[in-house]
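Structural description and commentary
Here are the chains, one letter per residue:
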Amino acid sequence: TRTSRPQRILKAVQRKATVGDPQSVITAIDHFCRHREWAMNVGDEKGSILDSVVSEVSPVTVLELGTYCGYSTVRIARLLPPGACVITLEFNPDYAAIARQVIQWSGLEDKVQLVEGASGDWIPWMKEHFGVQAFDLVFLDHWKERYLPDTKLLEECGLIQKGTVLLADNVICPGTPDYLEYVRNSPRYNSHYYRSHLEYTKAEDGLEKSVFLGY
Ligand SMILES: O=C(NCCCCCn1ccnc1)c1cc(-c2ccc(F)cc2)cc(O)c1O
Ligand SMILES: [Mg+2]
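Throughout this document, residue positions are counted from 1 along each chain, in the order its sequence is written. A letter from A marks each chain and a number from 1 marks each ligand, given out in the order of writing. Note on the predicted model: pLDDT of at least 70 is required for a residue's local features to be given, and 80 or more for side-chain atom pairs to be given and counted; whole-chain, interface and lining totals, by contrast, use all residues. Side-chain measures were taken over the full set of non-hydrogen atoms in the model, leaving aside hydrogen atoms and water.

**Points about the site of ligand 1**
- Here a residue is near a molecule or strand as soon as one of its heavy atoms is found within 4 Å of it. Within the structure, ligand 1 sits among 16 residues, and D141, K144, D169, N170 and E199 are positioned closest to it.
- In this structure, an oxygen atom belonging to ligand 1 sits 3.0 Å away from a side-chain N or O atom of K144.
- Polar contact is the term for a pair of N or O atoms within 3.5 Å; when the atoms are in protein, one must be able to donate a hydrogen and the other to accept it, and sequence-neighboring residues count only if both atoms are side-chain atoms. One of the side-chain nitrogen or oxygen atoms of E199 is found 2.6 Å away from an oxygen atom of ligand 1.
- Computed by Shrake-Rupley with a 1.4 Å probe, the accessible areas treat only the displayed protein chains as cover when residues are assessed. In isolation ligand 1 has 620 Å² of accessible area, and contact with the protein removes 77% of it.
- In terms of residue class, the shell around ligand 1 is made up of eight nonpolar, three polar and five charged. Gly is placed with the polar residues, together with every amino acid not listed as nonpolar (Ala, Val, Leu, Ile, Met, Phe, Trp, Tyr, Cys and Pro) or charged (Asp, Glu, Lys and Arg).

Written as structure tokens, this is what we have:
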């Protein structure tokens, strides 16, 4: 096909959403992915759970691993107070290029830092490069086999501190068994599973929220 799925998602936003109105961007993407073409956004059902966790934590600094088209980036950034920001990491340059435009259309570019590259390469530089002390919230939504190694790397780099909340997408589908086992059995995390469904489908999926208790 001539255009890519992310390009068709951006088109749907440009056609249906209002510039500067994040909710209309979210609604346009959900409508397109439910009625035209499935895509791996966190979606409206799990998105509402994400919203409630963001509102509860009211984070100043958020790390998102896996931007894709920027759908969850917009969901998070729209709830942040002035001065708060989300750093979002995307490995795929084509996804990143679309996400920048989706985030811009929503008018939230001042609250978002989109970084292109591999999480394993960037995490060790976060403190130095972004002046981050520790993250208040980490949303894991990238390669499922990277959830555990990147969580351990974040711990080692001192980017997870007492009270940091990890929220992981897709812990059932596609699944992140080693990550789940780690956060559920570690004495250093308090974990809770929010049962839901795989975006735009009836298949089971859910989000795992894990609060770091400190050393
Ligand atoms: O693979 C996913 N996300 C990572 C994409 C690549 C990230 C690249 N990157 C970014 C930063 N570092 C690396 C994903 C997959 C599915 C899914 C579920 C069922 C199915 F049949 C097919 C697919 C659902 C999701 O909700 C997902 O998030
Ligand atoms: Mg996901």
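**Notes on the packing of helix α1 (residues 5-16) against helix α2 (residues 22-35)**
- In contact at an axis separation of 9 Å, α1 and α2 are set at 125° when each is read in the N-to-C sense. In this view, α1 runs oblique relative to α2, as classed from their interaxial angle. Between α1 and α2 the crossing geometry is right-handed. Here R8, I9, A12, V13 and K16 of α1 come into contact with α2, specifically with V25, A28, I29, H31, F32 and C33.
- For the contact of α1 with α2, the per-class residue count stands at eight nonpolar, one polar and two charged. Lines fitted to C-alpha atoms define the axes, with helix axes restricted to the stretch in contact, and inter-axis angles between N-to-C directions lie between 0 and 180 degrees. Only DSSP runs of H or I with at least four residues qualify as helices, and only runs of E with at least two residues qualify as strands; both kinds are numbered from the N terminus onward. If an angle is under 35 degrees, it is roughly parallel; if it is over 145, roughly antiparallel; if it lies from 65 to 115, roughly perpendicular; otherwise it is oblique. The sense of a crossing depends on the near helix, which, turned anticlockwise from the far helix by less than a right angle, makes the crossing left-handed and, turned clockwise, makes it right-handed. In this description, contact between two residues means that some pair of their heavy atoms is separated by no more than 4.5 Å.

**Some words on the pattern of salt bridges**
- What counts as a salt bridge is simple: a side-chain nitrogen of Lys or Arg found within 4 Å of a carboxyl oxygen of Asp or Glu. Counted by the stated rule, this structure contains 15 salt bridges.
- Note that E116 and R100 form a salt bridge whose closest N and O atoms lie 3.3 Å from each other. Of this pair, E116 sits in strand β3 (residues 112-116) while R100 sits in helix α5 (residues 93-106), and the two are 16 residues apart along the sequence.
- Several salt bridges converge on common partners, so that one network encompasses K46, D169, E199 and D205.

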